[in-house]
Amino acid sequence: MKQIFSMGIRVVINCIRLPLKAMISAFHLSFAPVQLLAPGADLSIGSGGRIRLGSRVTAEKGALLSAGNSGELCLGDKVYINRNTLIVCREKITIGSGTSIGPGVAIYDHDHDLQNPGKLRCKPILIGNNVWIGANCTVLKGVSIGDGAVIAAGTVVTKDVPAGTLLREQRVWRNDRLEQNEAPD
């Protein structure tokens, strides 16, 4: 009962907050009527940026959805975004319906151009439908993640992930014995 009441409060708050945010951003925010954005979730829209939310998008406290400059961030229906997740868009990020994103995830469609300070290098990101991205993952520019893929916790995604696959990093653990006179570096 408490959870239903909490969801109801979120819907009511968003019925007020989102239309105001849309007006303030010169209507660069579009959304379906029912949204489940926590009061601590932030939508940031820069000049020329656009955010489109499908129906029943859930974003928990500490989540940041940002579309700067001419960036376009599009979320499908029933997308779930957990706590402290950053989705920062400067070109285009599309997240398909039914996708779940764990806590502490970072998704960036850009990085800094080290040859030209102050410039960004951008490439769009496409995340398919019903994708599961585990906790503390990083998804970098230019990546496409196919429908139904699973990204294991802590993975850094730098290349395309085919539909229906599990991506996980293989870490090598070394346990070297120190000699008695040898100090750690």
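An account of the accompanying structure is given in this report. (Residues numbered from 1 in each chain as written. Predicted model: local features only at pLDDT ≥ 70, side-chain atom pairs only at ≥ 80, totals over all residues. Heavy atoms only, no water.)

Let's talk about the overall build of the protein chain
- A tally of helices and strands in the protein chain yields one helix and 21 strands.
- Out of the 185 residues in the protein chain, the part that is buried amounts to 37%.
- Pairs at least 24 residues apart make up 17% of the contacts formed inside the protein chain by residues separated by at least 6 positions.
- Element-wise, carbon and sulfur atoms account for 55% of the exposed surface of the protein chain, whose accessible area totals about 10,900 Å². (Helix = DSSP H or I, 4+ residues; strand = E, 2+ residues; numbered from the N terminus. Buried < 20%, exposed > 50% of the residue type's maximum accessible area, 1.4 Å probe, protein only. Contact = heavy atoms within 4.5 Å. Areas by Shrake-Rupley, 256 points an atom, 1.4 Å probe, with all protein chains shown as cover.)

Here's the deal with the sheet that holds strand 3 (residues 42-45)
- The strand order across the open sheet formed by six strands is 3-6-9-12-17-20, and the pairing between neighbours is parallel. If you trace the sheet from one side to the other, it starts and ends with strand 3 and strand 20 (156-157), each paired once.
- Bridge analysis of strand 9 (residues 86-89) against strand 12 (residues 106-108) gives three bridges, and the strand direction is parallel. The partner of V88 across the bridge, within strand 12, is Y108. (Pairing = 2+ DSSP bridges.)

Section: the sheet that holds strand 4 (residues 50-53)
- On the basis of which strands lie adjacent, the open sheet formed by six strands has the order 1-4-7-10-15-18 and parallel pairing. On the outer flanks of this sheet lie strand 1 (29-31) and strand 18 (144-145), each paired with one strand and no other.
- Here strand 7 (residues 72-75) runs beside strand 10 (residues 92-95); their pairing, made up of four bridges, is parallel. Across the sheet, residue E72 finds its bridge partner in strand 10, namely K92.

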